[in-house]
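Observations on the three-dimensional arrangement
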Amino acid sequence: MVQSHHSFHSLSRPSTTPRVCNSDSSTAACVFSDVAGDITILIDGEYFQLHKFAVVSRSRKIGRMVADSKDSKISKLELFNLPGGPQAFELAAKFCYGANFEITTANVAQLRCAAEYLEMTEDYREENLIVKAETYLNEVVVKSLKKSMEVLCACETLPPIVEDLNIPSRCVEAIATNARKEQLLSGLTRLGSDDKSFELKNDCIDWWVGDLSVLRIDYYHRVISAMGKQGVRSDSITASIMLYAQSSLRNKTQVNEKPNPGVVEDDERRIVEVLVTLLPVEKSSCSSIVPSSFLFGLLRMAVMVNASTACRLELERRIGFQLQMVSLDDLLIPSTHTGDSLFDVDIVHRILINFVQKIEEQENEDPGYESEGHGDGASSQCSVLIVGRLVDEYLAEIAPDPYLNLQSFITLVELLPDYARVMDDGLYRAIDIYLKAHPLLTEHERKELCKFIDCQKLSQEAWNHAVQNDRLPVQMAVRVLYYVQLRLKDALSGSCGKGFLSQSMGVRVPSAAMLPRNNYATLRRENRELKLEISRMRVRLSELEREQLCMKRGLTDKTGDARTFFTMLSRGIGRIGIFSGQAGDKKPKSERRTQGLEGRKW
């Protein structure tokens with residue numbers, strides 16, 4: 001009897017215990033029981049000595065081969081390309097003899113393919129092997145998620161006939177369906193339980209997430225696609241993709257030590273491209289299903305294996321849509337081009353473009369006003385400010401690179417809108433580092449770079465540094481000194497910078513008469529700029545109040561300190577040379593550069 005979930009009938013023959021024997025020699029040395037076999041079947045170099053009446057009674061193919069043979073006493077046959085090889089044929093032969101064996105998830109796929117090859121159909125003989133294998137597949141395998149995965153793994157080594165029999169397709173659908181059922185049952189269980197610890201326990205990732213990592217990439221692709229159609233949770237799919245990437249791409253650094261690095265790289269390129277296509281779709285512009293760190297890991301891998309352009313652009317788009325959650329280390333992607341800058345600034349540039357496009361789309365989606373501190377409008381404003389600080393940090397990090405050309409640096413500086421920076425201290429610091437690392441820039445190039453710094457948005461500390469900074473172009477120094485004088489005048493007069501604030505507001509806020517009131521998008525932008533300008537002014541007002549308090553104390557207690565400040569201010573004006581009275585007091589440019597704040601920490 002065959003040991004499985006279903007019984008088989010024994011053949012009418014002497015009650016002997018058949019044993020399938022094979023040998024690597026040219027002649028079969030083993031026979032069944034005490035009756036000599038009358039036919040030898042060769043499978044992939046292995047010989048099986050059997051009895052014609054047993055195998056012909058179950059296999060139409062072998063019966064036809066014996067009948068079509070010119071030799072009526074044929075004693076040897078060879079079967080080519082039998083699915084499952086000698087192992088599968090041994091099981092089929094045992095079935096022909098009614099021997100005991102068990103159908104399992106490890107052998108059912110190859111047994112079903114071998115039965116199809118041998119034409120062990122129901123119309124040829126009742127209760128034949130095809131029916132037995134199909135019954136096991138339909139009643140045991142597809143009802144279990146675990147068994148379906150085991151059978152699917154076994155299908156990887158079988159020839160294309162396994163696809164013709166739809167065994168992988170049935171397993172894929174069974175995996176997706178059972179995974180969805182388990183999640184629904186888990187959700188119902190949580191709803192019926194008041195135990196918080198039970199809820200926490202069930203919030204863990206599904207048990208099958210890690211098991212899918214053993215699948216071949218094409219089967220994995222089919223399983224995840226089916227899960228998405230069945231409605232499996234996106235977080236479970238994301239966790240599975242992350243584990244699959246870690247297990248299949250973890251040895252990338254050892255590619256050169258492998259026997260066929262070209263083949264390995266092709267396989268990894270295909271894995272990366274497939275995983276990117278499987279990433280869950282964002283349900284909204286603010287959703288972040290996939291962690292940004294994982295997206296950057298895939299992006300770095302895509303660059304290393306030279307993945308398709310579409311693959312890399314999709315990763316850059318996804319990163320750009322959640323750029324506010326990215327860290328500085330994520331953006332520091334090494335460049336793979338020889339003789340280029342140390343970091344790949346082109347990738348970061350494209351990511352920023354995607355972020356800006358997302359912000360613009362959010363602004364145009366809702367024509368109405370958003371409530372104070374609520375809605376997508378407030379969220380997008382916060383995102384812009386976070387990204388503004390992030391970009392300034394990134395610029396400061398890449399600025400010392402001697403191979404970073406000016407145009408690439410400027411492209412990153414000018415990409416974000418003006419309202420992305422409440423204060424320009426971070427931008428000033430990055431530009432100052434770049435100027436220090438590239439001393440051969442012309443006056444015109446330095447002017448082109450520094451024009452992006454808004455002197456009105458610099459803090460007092462930045463102003464103090466800029467006044468004594470010989471790396472800045474002359475026009476920049478003049479603007480800084482002008483605003484220093486303006487701030488000093490307002491502070492001494494006790495106005496707390498009201499005139500300055502009014503001037504700033506007048507410059508930055510669009511005129512109401514110039515804006516079309518019937519254009520909701522324009523009104524939204526005006527509302528946003530007003531809010532951001534108020535935030536800037538609050539910061540500036542706090543600084544002015546602190547400065548005024550310090551100056552009043554200084555004027556009252558130490559009048560010498562005020563003279564020192566005016567002396568420093570006069571020296572700064574005289575250093576520029578535009579306002580100096582004597583030409584002889586002007587120092588050469590090279591001498592002025594050595595007197596900068598090179599040793600001062602900024």
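Residues numbered from 1 in each chain as written. Predicted model: local features only at pLDDT ≥ 70, side-chain atom pairs only at ≥ 80, totals over all residues. Heavy atoms only, no water.

Let's talk about the overall build of the protein
Across its full length, the protein carries 27 helices and four strands. Out of the 602 residues belonging to the protein, those deemed buried represent 46%. For the protein, long-range pairs separated by at least 24 residues make up 72% of all intrachain contacts whose partners lie at least 6 apart in sequence. Working note: accessible area of the protein is about 30,400 Å², and carbon and sulfur atoms make up 53% of it. (Helix = DSSP H or I, 4+ residues; strand = E, 2+ residues; numbered from the N terminus. Buried < 20%, exposed > 50% of the residue type's maximum accessible area, 1.4 Å probe, protein only. Contact = heavy atoms within 4.5 Å. Areas by Shrake-Rupley, 256 points an atom, 1.4 Å probe, with all protein chains shown as cover.)

Some details on the packing of aromatic side chains
A complete count under the given rule lists four aromatic pairs for this structure. On the basis of an interplanar angle of 65 degrees and a centroid distance of 5.2 Å, the ring pair of Phe48 and Phe89 is categorised as edge-to-face. Placement of the pair is Phe48 in strand S3 (residues 46-50) and Phe89 in helix H3 (residues 85-97), with a sequence separation of 41 residues. A residue is classified by how much of its surface remains accessible, and Phe48, at 0% relative accessible area, is buried. Under the relative-accessibility criterion, Phe89 is labelled buried at 2%. Considering the side-chain rings of Tyr482 and Tyr483, the 5.1 Å spacing of their centres and the 70 degrees angle between planes classify their relative orientation as edge-to-face. With a relative accessible area of 42%, Tyr482 lands in the partly exposed category. Judged by its relative accessible area of 12%, Tyr483 is buried. The ring of Tyr117 has Lys61 lying over it, and the distance from NZ or CZ to the ring centre is 4.8 Å. (Phe/Tyr/Trp six-rings, centres within 6.5 Å; stacked < 30°, edge-to-face > 60°. Lys NZ or Arg CZ within 6 Å of the ring centre and 35° of its normal.)

Side note on the side chain of Ser213
Among the structural elements, Ser213 can be located in the loop between helix H10 (208-211) and helix H11 (217-230). For Ser213, a relative accessible area of 18% corresponds to the buried category. Non-local contacts of Ser213, meaning those with residues more than four positions away in its chain, are made with Leu243, Tyr244 and Ser247.

Comments concerning helix H2 (residues 60-68)
Every buried residue belonging to H2 is among Lys61, Ile62, Gly63 and Val66, and all of these are buried. Taken together, the buried residues of H2 touch strand S2 (39-43), helix H1 (52-56), strand S4 (76-79), H3 and helix H4 (108-117).

Concerning unusual backbone geometry
Of note, the phi angle at Asn81 is positive, near 55 degrees, even though the residue is not glycine. As for its placement among the helices and strands, Asn81 is situated in the loop between S4 and H3. One non-glycine residue, Asn306, lies in positive phi territory at about 60 degrees.

Considering the packing of helix H20 (residues 425-437) against helix H21 (residues 443-450)
At a closest axis distance of 11 Å, the pairing of H20 and H21 adopts a crossing angle of 165 degrees. The orientation of H20 with respect to H21, classified from their angle, is roughly antiparallel. Relative to H21, the crossing made by H20 is right-handed. Side by side, H20 and H21 meet where Ile431, Tyr434 and Leu435 of the first sit next to Arg446, Leu449 and Cys450 of the second. Split by residue class, the contact of H20 with H21 holds five nonpolar, no polar and one charged. (Axes fitted to C-alpha atoms, helices over the stretch in contact; angles between N-to-C directions. Parallel < 35°, antiparallel > 145°, perpendicular 65-115°, else oblique. Left-handed = near helix turned anticlockwise from the far one by under 90°. Nonpolar A, V, L, I, M, F, W, Y, C, P; charged D, E, K, R; others polar.)

Things to note about the environment of Asp344
Examined against the element boundaries, Asp344 turns out to sit in the loop between helix H16 (328-331) and helix H17 (345-365). Take Asp344: its relative accessible area is 9%, and that puts it in the buried class. It is 8.9 Å that separates the C-alpha atoms of Asp344 and Leu331, two residues lying 13 residues apart in sequence. When sequence neighbours within four positions are dropped, the list of residues in contact with Asp344 reads Ile333, Pro334, Ser335 and Tyr394. Separated by 3.3 Å, the side chain of Asp344 and the backbone nitrogen of Ile347 make a polar contact. (Polar contact = N/O pair within 3.5 Å; in protein donor to acceptor, adjacent residues only side chain to side chain.)

Brief notes about the nonpolar core
Judged by nonpolar contacts, the single largest core of 145 residues is most densely connected at Phe89, Ile167, Leu212, Tyr220, Met227, Leu323 and Phe409. Contact partners of Ile167, with chain neighbours within four places excluded, come to Ala109, Arg112, Cys113, Leu137, Val151, Cys155 and Val162. (Core = buried A, V, L, I, M, F, W, Y, C linked by side-chain atoms within 4.5 Å.)

Observations concerning the packing of H4 against helix H5 (residues 129-141)
Each pair of packed helices can be summarised by the angle the axes make with each other and by the distance between the axes. Across the interface, H4 lies against H5 with an axial gap of 9 Å and an inter-helix angle of 150 degrees. The angle between the axes of H4 and H5 places the two elements in the roughly antiparallel class. In this structure, the crossing between H4 and H5 has a hand that is left-handed. Contacts between H4 and H5 involve Val108, Leu111, Arg112, Ala115 and Glu116 from the first element and Leu129, Ile130, Ala133, Glu134, Tyr136 and Leu137 from the second. A per-class count over the contact of H4 with H5 returns eight nonpolar, no polar and three charged.

Some words on the environment of Glu122
If you trace the backbone, Glu122 turns up in the loop between H4 and H5. Here the alpha-carbon distance between Glu122 and Lys132, two residues 10 residues apart in the chain, equals 9.9 Å. The residues contacting Glu122, other than those within four sequence positions of it, are Glu127, Asn128 and Val131.

Focus: the pattern of salt bridges
Inspection of every chain in the model, using the stated rule, returns 20 salt bridges. With a closest N to O distance of 2.8 Å, Arg216 and Asp218 form a salt bridge. The class of Asp218 is partly exposed, set by a relative accessible area of 24%. The partner of Glu314 in a salt bridge is Arg317, and the shortest N-O contact between them spans 2.8 Å. Of this pair, Glu314 and Arg317 are both found in helix H15 (residues 309-321), three residues apart, which corresponds to roughly one turn of the helix. For Glu314, a relative accessible area of 23% corresponds to the partly exposed category. Classification of Arg317 by relative accessible area gives partly exposed; the value is 23%. Three or more residues are tied together by salt bridges with common partners; here these are Arg112, Glu116, Glu134 and Arg170. (Salt bridge = Lys/Arg side-chain N within 4 Å of Asp/Glu carboxyl O.)

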